[in-house]
Amino acid sequence: MIKAVRGVRDILPSEAWRWQRVEAAARQVFEAYGYAEIRVPLFERTELFARGIGDETDIVKKEMYTFEDRGGDSLTLRPEATAGVLRAYIEHGFHVEPKPVRLYTMGPMFRYERPQAGRYRQFHQVNVEALGETHPALDAEIIAMLMDFFAALGLAGRLELHVNSIGDVGTRPAYIARLVDYFAPIQSELCGECQARLTRNPLRILDCKIPGCQPLIDKAPSILDSLSPEAAEHFEAVRRCLDAMGVEYAIDPRLVRGLDYYVRTTFEVLTQDLGAQNAVAGGGRYDGLIQQLGGPADPGIGFAMGLERAVLLLGSEGEGRELLALLIPVGEAGLARLLPVARALRQRGLPVEIGYGARRLQRELERANRLGARYAVIAGDAELAAGEAIIRDLKSRDQRAVPLEALEVEMARLAQVENGR
Ligand code: HAM
């Protein structure tokens, strides 16, 4: 038997409805905020990600699915969506459109990470970018939108929003120097990974989850004390706007994110409910990145939400697939009468299933229960002779006869009653 590749999963019908719920909530909330969908390719030139995400990041160094195609080009399965969306923004000259240009996309991403619950090698993101505007109100607005999306799914109470500013590219080296000054003398007390980060990417030490490093990180100089006056003012304005909208958040000076392109505002939405994989969404501002990718000097901000993690949080609560009725003809004549009724109900958008008249009634009733049908509609020889069908309520077990001509309208009425509950 050939099995799915490690770290890659099937999304089975029993959970796909939950994915659809998350995706539908995203579309509804984002479109109300003026975002339009863009769909970008699953693979791009390797160079795009190396330049965009940063050569020293874990993603580019260790996690990319990179391959040479038959033409000899180095291509990479996208590990995130931002680089591809910005490439498209540049390529199609979106910068002439009214700013900010608001785009969202969703789909699979690929990272060669160690798989565990909530962490996969093919995973899915809902991704949002707002391009061409530096105003701090946009930062606050996009964060508020993310929280509205979680609220629409009923998840807001289980999530915590963390925000930070990591300053400008110009002032960051000074902060990194302070960080190195602080950690260098206590280097041997850090975990092996952090010791390597000290020379490679010191900022990432702040993100370490190893318990032994925590007390040392807690006492490290805060990036918020090293912001330029402009970056500090920007962050204050973001917070004022968040406060004005009543968005609750915690300021987290350790929130540095795993991708190199961020400046100023960064944010993450965290949960206590998914073990080690506590980040459900993350993002930030990336002024300068569009230019770095060969485009105009347009700023930008965005975030991505992990669909697997949102779906895990939703758990198994709520209803699965809804089935209004199983129509059960007994024999050929019944089938001929019920097939058009099934079609008419389906054309009305009402989910019904039909038996084909070959199984015994008892077997079909068992099937109705397994399918979770609300009603069974039975048309055997006796009913047909009387020009009727029987509607059985599978919850109360009450049943009654209805004239065949009235069946479609009566089922539609029952569906409405059901929806009104
Ligand atoms: P990221 O923090 O790398 O940001 O990923 C965003 C979210 O994707 C994470 O918070 C997590 O929920 C989910 N995620 C990441 N890796 C995995 C994985 N291996 N398995 C399951 N879920 C995962 C970005 O990707 C940025 N492009 C976000 C962004 C957009 N920043 C600006 N615009």
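A brief structural summary. As the structure is a prediction and not an experimental result, all values here were calculated from the model.

Observations regarding the environment of E418
Consideration 1: Considering the arrangement of structural elements, one finds E418 in helix α15 (residues 407-420).
Consideration 2: What makes E418 partly exposed here is its relative accessible area of 21%.
Consideration 3: Between the C-alpha atom of E418 and that of L324, which follows or precedes it by 94 residues, the distance is 8.6 Å.
Consideration 4: Excluding its chain neighbours within four sequence positions, the residues that come into contact with E418 are R374, Y375 and K395.

A look at the sheet that holds strand β8 (residues 250-251)
Consideration 1: Across the sheet, which stays open at both edges, the 8 strands sit in the order β1-β5-β6-β11-β10-β9-β7-β8 with mixed pairing between neighbours. A single partner strand is all that each edge strand has here, and the edge strands are β1 (36-37) and β8.
Consideration 2: Relative to strand β5 (residues 101-110), β1 runs parallel, the two being bridged by 2 bridges. Note that in β5 the partner of A36 across the bridge is L103.
Consideration 3: On the sheet, helix α4 (residues 82-91) packs against β5 and β6 (122-131) and is oriented at approximately 40° with respect to β6.

Considering the side chain of N164
Consideration 1: Among the secondary structure elements, N164 is positioned in strand β7 (residues 159-165).
Consideration 2: Assessed through its relative accessible area of 0%, N164 is described here as buried.
Consideration 3: Here the side chain of N164 touches P253 through a polar contact of 3.3 Å, landing on its backbone oxygen.
Consideration 4: Beyond its immediate chain neighbours, meaning those up to four positions away, N164 contacts I223, L224, F235, D252, P253, R254, L255, R264, T265 and T266.

Topic: the packing of aromatic side chains
One pair of aromatic rings is described through two measures. These are the centre distance and the angle between the planes.
Consideration 1: Going through the model one piece at a time under the given rule, you end up with 11 aromatic pairs.
Consideration 2: Note on F149 and F150: the rings are 5.1 Å apart at their centroids and 55° apart in plane angle, and the pair reads as tilted. Each member of the pair, F149 as well as F150, is classed as buried.
Consideration 3: One aromatic cluster is present, formed by F30, Y104, F149, F150, F267 and F303 through successive ring pairs.
Consideration 4: The ring centre of Y120 lies 5.3 Å from the NZ or CZ of R9, which sits over that ring.
Consideration 5: Sitting above the plane of the Y375 ring, R374 keeps its charged end 4.9 Å from the centroid.

Overview of the sheet that holds strand β3 (residues 65-68)
Consideration 1: Spatial ordering of the open sheet is given by β2-β4-β3, a layout of 3 strands whose pairing is antiparallel. The outermost strands of the open sheet, each flanked by one partner alone, are β2 (43-45) and β3. Strand after strand, the sheet turns through a mean of 35° between neighbouring axes, direction not considered.
Consideration 2: As judged from the 4 bridges shared by β3 and strand β4 (residues 74-77), these two strands associate in the antiparallel manner. Bridged to T66 within β4 is T76.
Consideration 3: Against the sheet, helix α2 (residues 46-53) engages β2, β3 and β4, with an angle of about 80° to β2.

Criteria and cut-off values
Residues numbered from 1 in each chain as written. Predicted model: local features only at pLDDT ≥ 70, side-chain atom pairs only at ≥ 80, totals over all residues. Heavy atoms only, no water. Helix = DSSP H or I, 4+ residues; strand = E, 2+ residues; numbered from the N terminus. Buried < 20%, exposed > 50% of the residue type's maximum accessible area, 1.4 Å probe, protein only. Contact = heavy atoms within 4.5 Å. Pairing = 2+ DSSP bridges. Axes fitted to C-alpha atoms, helices over the stretch in contact; angles between N-to-C directions. Polar contact = N/O pair within 3.5 Å; in protein donor to acceptor, adjacent residues only side chain to side chain. Phe/Tyr/Trp six-rings, centres within 6.5 Å; stacked < 30°, edge-to-face > 60°. Lys NZ or Arg CZ within 6 Å of the ring centre and 35° of its normal.

By themselves, these are just geometric observations and shouldn't be taken as functional.
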